[in-house]
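Each chain, letter by letter, is given below.
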Amino acid sequence: MIKKHLLALIALVVTLAYPSCAFASASESDGGESKINPKEIIFEHLGDAYGWEVPFNHHKRIPLPVILIGKDGFHCFMSSKVEHGKTYTDGGAMFKIAGKDSEYKGKIVEILPDGTEYRPWDISITKNVCALFIAVILVIWSVVAVARWHKTMNYKAPRKMVGALEALIDFIYNGVIKPTLGAKAMKFAPYLLTVFFLILYLNLLGLIVVFPGGANVTGNIAVTLVLSIFTFLITNLMGNKHYWKEILWPDVPLWLKFPLPIMPVIELFGIFTKPAALTVRLFANMLGGHMIVIVLTLLIFIFAAMGPVVTGATTVVSMAFSIFMLIIDVLVSFIQAYVFTMLSTLFISFGQEEHHEHEHEKTVTQ
Amino acid sequence: MELFTPDFGLIFWMFVAFAVLFLILYKWGWPVILKSMESRADLIDKGVEYAQSAKEQMEKAREQSEKYMAEARAKQADMLREADKIKTQIIEEARKSAQVEAQKVMDAARVSIEQERKEAQLQFRNEVSSFALDIAAKVVRKQLSDEKAQAHLVNTLLDEMETKN
């Protein structure tokens, strides 16, 4: 009992002491500028970056390769070359990260001889791309490990990591894919399981604050867009005759489709709203999760200006809330991966229905 | 808003990364795992079914064996009883035959004793008669020392013979 109280007391003292120190060092490093800009910090953490920040250091970043296709061809250099507003000259071209008032804020631009900024084709390995690669490697490693285990230890009871992963695979395959797609489950399962595991790994890695994690990849609209484009392509390219008949000549009273094709237009529109919903759902959920935790943490620094008592109280409350939110986010990480997979399965199954069965799309909103 | 405008570089890399990931897992990952999991599930189902039926069969077999055991025990008891009966019967028969034999022996003995006795009697009679004859001869000889008495006896005997014939 005493031990418990002691622990709480230590935690309180540390949390009370920490923000003032951190704030002090932050204000020192910012050259005496004591005002922090929460919006900038939030967007910096939610967005992409050319380098990967390390804890307790505002200046040093892990350099990542920048790959550009400028006006005069390929340029490849480390992001440390353009850190802190530096201009880097590679060959005849000058590059720098565009400033706050630029149209391409935060992105690398090429400075043309006449002084104007030109945005080259940018396929840099940014923080998000790097995090994506890490997640891809982890997914490949874990899934191939399970497959290898199956090849060598066939019919043994799966234990440890294989058991944990198999539980997930079984949950998705026998819980979602098989009941929805039936006999065609095996055909689409590789894609859907890949999507599930990639999203899950990305989500969970995003919750880890330091290096291999912390990137807001699934909370980036580009990533979710690509994933839903894949689902869109699979749904429509693999769709059967019945699926297209339902769209172009649905089973409704004639006046709804001729002479004015009201229903076909709505259905055609529906083809595109489904992937759009998929994109936005995952993106908004993950973005929201990251944002809440950052905002809660930033509250400490915002209230730091109001004296130590308020700061201390805010620290305790903010920490409690952000830890709570992070725990919720672990759940959300799983749920969002699950929901994305489930909806993809559902959309794909619309293209696979054989007999006429009026099944209205479930609109899952969250 | 930069958050809502998809970045080309990330889209490009996402396409590449996802395609590579999918192809690798499609080739070396999922089909093996899913098929193997399915067949293992089937195997487990079959195993459980087999175990259940085996258990049932064993139960049945045990019941059968118990029945056989009971039957065997009953048969054994019957056999023992039968054997006991046969035993007593044999003993009884043996005793009876022994009695008969004994009777026979005794009868034979009795017959032979009778015969012996008769023979002895006969011998004895013969002897007695010869003794008597001797004695009588002696007595008669003594008495027949005079003529008169002799003639008288011969006459008496002749008379007797005459009356007999």
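If you're wondering where the values come from, they're calculated on a predicted model, not measured in any experiment.

**Some remarks on the overall build of chain B**
- When its secondary structure is counted, chain B shows three helices and zero strands.
- Along the chain direction, N to C, the helices and strands of chain B fall in the order α-α-α.
- The C-alpha atoms of chain B give a radius of gyration of 64 Å, which is well past the 15 Å a tight globule of 165 residues would have.
- Viewed in the frame of its principal axes, chain B has a C-alpha envelope of about 200 × 25 × 20 Å.
- Side chains of chain B give 25 positive and 28 negative charges; the mean places of these two sets differ by 3 Å.

**Notes on the sheet that holds strand β7 (residues 108–111) of chain A**
All names here are of chain A.
- Strand order in the open sheet formed by four strands is β5-β6-β7-β8, and the pairing between neighbours is antiparallel. Where the open sheet ends on each side, the last strands, each with one partner, are β5 (88–90) and β8 (117–118).
- As defined by bridge partners, β5 adjoins strand β6 (residues 93–97) across three bridges and the pair is classed as antiparallel. Bridging from a neighbouring strand, Tyr88 pairs with Phe95 of β6.

**Observations regarding the packing of aromatic side chains**
- Considering all chains together, one arrives at 20 aromatic pairs over all chains under this definition.
- For the ring pair A:Tyr191 and B:Phe22, a centre distance of 6.3 Å and an interplane angle of 70 degrees mean the geometry is edge-to-face. Placement of the pair is A:Tyr191 in helix α5 (residues 185–207) and B:Phe22 in helix α1 (residues 8–28), with the two residues belonging to separate chains.
- Judged by its relative accessible area of 3%, A:Tyr191 is buried.
- Measuring from centroid to centroid gives 5.3 Å for A:Phe232 and A:Phe272, while their planes differ by 35 degrees, and the two rings are tilted. In this pair, A:Phe232 is assigned in helix α6 (residues 221–237) and A:Phe272 in helix α8 (residues 262–303), connecting sequence segments 40 residues apart.

**A look at the interface of chain B and chain A**
- On the chain A side, the residues contacting the 36 residues of chain B number 57 residues.
- Carbon and sulfur atoms supply 82% of the area buried between chain B and chain A, which totals about 4200 Å² over both sides.
- Counting the contacts that link chain B with chain A gives three salt bridges.
- Measuring nitrogen to oxygen at the nearest pair gives 2.4 Å for the salt bridge that ties B:Glu38 to A:Lys178.
- In this assembly, chain B and chain A are joined by eight residue pairs in polar contact (both at pLDDT 80 or more).
- Looking at the side of chain B that touches chain A, the elements with two or more residues in it are α1 and α2 (30–143) of chain B.
- Here the side of chain B that touches chain A takes 16 residues from α1(B), the largest share from any one element.

Thresholds, definitions, all that
Per chain, the residues get numbers from 1 upward, laid out in the order the sequence is written. The lettering of chains begins at A and the numbering of ligands begins at 1, in the order of writing. Under the rules for a predicted model, residues below a pLDDT of 70 receive no local features and side-chain atom pairs below 80 are neither given nor counted, while totals for whole chains, interfaces and linings still include all residues. Computation of side-chain values covers all heavy atoms of the structure but excludes hydrogens and water. Note on conventions: DSSP H or I runs of at least 4 residues are helices, E runs of at least 2 residues are strands, and numbering of each starts at the N terminus. Only C-alpha atoms enter the radius of gyration, while the globule expectation follows 2.2 Å times N to the 0.38, with N the number of residues. Here Asp and Glu are counted as negative and Lys and Arg as positive; His is not counted, and neither are the chain ends. Note that the charge is assigned to NZ on lysines, CZ on arginines, CG on aspartates and CD on glutamates. Two strands make a pair as long as DSSP finds a minimum of two bridges between them. Stacked, edge-to-face and tilted are the three classes for Phe, Tyr and Trp ring pairs, Trp counted by its six-membered ring, which pair at centre distances within 6.5 Å; planes under 30 degrees apart are stacked, over 60 edge-to-face, the rest tilted. With a 1.4 Å probe rolled over the protein chains alone, any residue whose accessible area is under 20% of its type maximum counts as buried; one over 50% counts as exposed, and the rest are partly exposed. Contacts between residues were defined by any pair of non-hydrogen atoms, one from each residue, lying within 4.5 Å. Values labelled buried area give the accessible surface lost by two parts on being combined, using a 1.4 Å probe and summing over both. The term salt bridge refers to a side-chain nitrogen of Lys or Arg lying within 4 Å of a carboxyl oxygen of Asp or Glu. Side-chain atoms alone can form a polar contact between residues adjacent in sequence; in general such a contact is a pair of N or O atoms within 3.5 Å, and within protein one must be able to donate a hydrogen while the other accepts it.

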